[in-house]
Every structure is written in structure tokens, then in C-alpha cells.
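Coordinate analysis (summary)
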Amino acid sequence: MDIREINEKIQQESAFIELLNLELGKVIVGQKYMLDRLLIGLLSNGHLLLEGVPGLAKTLAIKSLSSAIQAKFSRLQFTPDLLPADLVGTMIYNQKQEQFTVRRGPLFANFVLADEINRAPAKVQSALLEAMQERKVTAAGTTYSLEQPFFVLATQNPIEQEGTYQLPEAQLDRFMFKVKVHYPTQGEEKTILDRMSGLEIPKIAKKVLPQALQEARKLSTKIYLDEKLKDYILNIIF
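Residues numbered from 1 in each chain as written. Predicted model: local features only at pLDDT ≥ 70, side-chain atom pairs only at ≥ 80, totals over all residues. Heavy atoms only, no water.

Here we look at helix α6 (residues 122-134)
When the terminal C-alpha atoms of α6 are compared, their 18 Å separation across 13 residues agrees well with the 18 Å that a helix rising 1.5 Å per residue should span. All of the buried residues in α6 are V124, Q125, A127, L128, A131 and M132. In an axial view of α6, the angular spread of the buried residues amounts to 155°, which keeps them on one side of the axis. In α6, the exposed positions angled more than 90 degrees off the buried face are occupied by A122 and K123. Looking at the buried positions of α6, the neighbouring elements they touch are α5 (85-88), β5 (111-115), β6 (136-139), β8 (151-156) and α7 (169-172). Backbone geometry just after α6 places R135 at a positive phi near 60°. (Helix = DSSP H or I, 4+ residues; strand = E, 2+ residues; numbered from the N terminus. Expected span 1.5 Å × (residues − 1). Buried < 20%, exposed > 50% of the residue type's maximum accessible area, 1.4 Å probe, protein only. Arc of directions from axis to C-beta. Contact = heavy atoms within 4.5 Å.)

A short note on the pattern of salt bridges
When the charged atoms of two side chains lie near each other, side chains of opposite charge can form a pair. The full count for this structure, using the stated rule, is 7 salt bridges. Across the salt bridge formed by K26 and E23, the nearest N and O atoms sit 3.0 Å from each other. Pair noted here: K26 and E23 are both in helix α2 (residues 15-27), with a separation of 3 residues, about one helical turn. Classification of K26 as partly exposed rests on a relative accessible area of 32%. (Salt bridge = Lys/Arg side-chain N within 4 Å of Asp/Glu carboxyl O.)

A short note on the side chain of R119
Within the secondary structure, R119 sits in the loop between β5 and α6. On the basis of relative accessibility, which here comes to 15%, the residue R119 falls in the buried class. A distance of 2.9 Å separates the side chain of R119 from the side chain of E116, its partner in a polar contact. (Polar contact = N/O pair within 3.5 Å; in protein donor to acceptor, adjacent residues only side chain to side chain.)

What to know about the pairing of β5
Within β5, 5 of the 5 residues are buried, which leaves it mostly tucked inside the rest of the structure. Burial along β5 is two-sided: the face carrying F111, L113 and D115 and the face carrying V112 and A114 are both buried. By the bridge criterion, 5 bridges tie strand β2 (residues 73-77) to β5 in an arrangement that is parallel. By the bridge assignment, S74 is partnered in β5 with V112. (Pairing = 2+ DSSP bridges.)

Some thoughts on the pairing of strand β1 (residues 48-51)
Side chains L48 and L50 project from β1 onto one buried face, and the interleaved L49 and E51 project onto a second face that is buried too. Note that β1 and β8 share 4 bridges and pair parallel. From the neighbouring strand, L50 faces β8, where its bridge partner is T155. When β1 meets strand β9 (residues 177-180), the two strands line up parallel, connected through 4 bridges. Bridge pairing in β9 places L48 opposite F177.

Details of the environment of N21
Within the element layout of this structure, N21 appears in helix α2. Take N21: its relative accessible area is 34%, and that puts it in the partly exposed class. Expressed as a C-alpha distance, the spacing of N21 and K230, which sit 209 residues apart in the sequence, is 30 Å.

Some words on the sheet that holds β9
The strand order β2-β5-β8-β1-β9 describes an open sheet built from 5 strands, whose pairing is parallel. Where the open sheet ends on each side, the last strands, each with one partner, are β2 and β9. Taking each pair of neighbouring strands and ignoring which way they run, the sheet shows an average axis angle of 20°. With respect to the sheet, helix α3 (residues 32-43) is in contact with β1, β5, β8 and β9, its orientation differing from that of β9 by roughly 165°. Each of β1, β2, β5 and β8 touches helix α4 (residues 58-68); the most contacted strand, β5, lies at about 170° to it. (Axes fitted to C-alpha atoms, helices over the stretch in contact; angles between N-to-C directions.)

Printed below as a string of C-alpha cells:
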């Protein structure tokens, strides 16, 4: 396809982005920086690490996004006593069938919120590593493919370090972005107060099918990128 044809195709296929922004805007006030990077991560098949104090709509954002895309959402509250089996699943003995079966863990979802990821020990973090990189998990010696899309959003609190484990570099490398989430402005706080003090809390409508996201991902790889831009990016990095 030529550039003009690609641009027209992108304009058609990207209509769902506006729908997502409209739905997210019902419950999320401000935080455009965070929401933009959520969508970039989704389209780029990457994962995000959000750093911010509690109460800044980090959890609400990922729950709202999964609701709008008709995807399965799972939340993991990371604690020091968490085990790898709590993520990937465990073997359960079925008395009727007289055999062991795998009970799949919360990683078998499209959108996974790893809340306070730095509170889990290294074994648990390494169990998450395979899922983030390979889109697969291993339970009881058997490897299972995860459903697509698979998107991990991890959070950590920057002001509380007691009882936390620093993320290793190999784990940090699995995240496309580390997004620092800041407090809303005074005007945004007033909007939140008005919106959340009513009798009916705004709800997210299911507007987008996962197939639309998959098609958008394929199309994004066809966007023309000039060689000069590639060199410019590499020069900045080096």
C-alpha cells in the first residue's frame, strides 16, 4: 500500500480510539498523559509501570479500559507472602475424574493489574516475567498460551519503601513505559467532587471488540517511517 492508502486505512481503523477516550472520560477526570500512554502501550503490545501515590485513578483507569474493550480483567494485590502459584495457577485433584487438573490463575486474563508490584518477592516477579515477555505461562510443567490482547499494568508507590523489593533490571526491561502519575489540578478535583458525589456513578459501556484492537496493532506496523527518522532516534539514544 502507498502512504495515502495507509493513511486512509488508519483513519478508518482508528475510530475506536475516540470511542475509548469518550468512555474513559466518563469516569477518569484529567490524567491525559497516563491515558495516552495506556493506549500507546495497547497498540504497541507493550506493558506499563505506573508510579504514583494511592488515589490517582491508576486502578480505575485499567478497569475502565478493560470494560470498554469487552476484555477480561484481573487484579493481583502483590504482598510479601504471595507465591508464584497464586499468579499462574495450581494443580487440583479431581476426585470424580481421579486425576489432577490445573486451576488457572489470575494471569489468564486480557488486562492484568499488578498492584504494588514491588511488594512481592523475586520468585513471584520472575513468574510474571515469562507471561510479560512470552505471553505464556508454565504451570505443573505444562506451558499455556495467554489470550490476546494481554496487557500488564503494574503500579508502585514512590513514597513508601518499607516492606518492598526493588524490581530487577530484567523485570523493568519488560515494561515499555514507566509513567509517573501526578495529582490532578484544583479544577479537576472539583470536577471529580461533582461527578462522584451524585447518586449515580458514571459507568463504562462496552464499545470496542478485542478484534478491533488486534487489527489496529497489525495496521500500526505498516505506518511509513523514513530512514532519516530512524537514524535520528538512534542518534538520540546513543
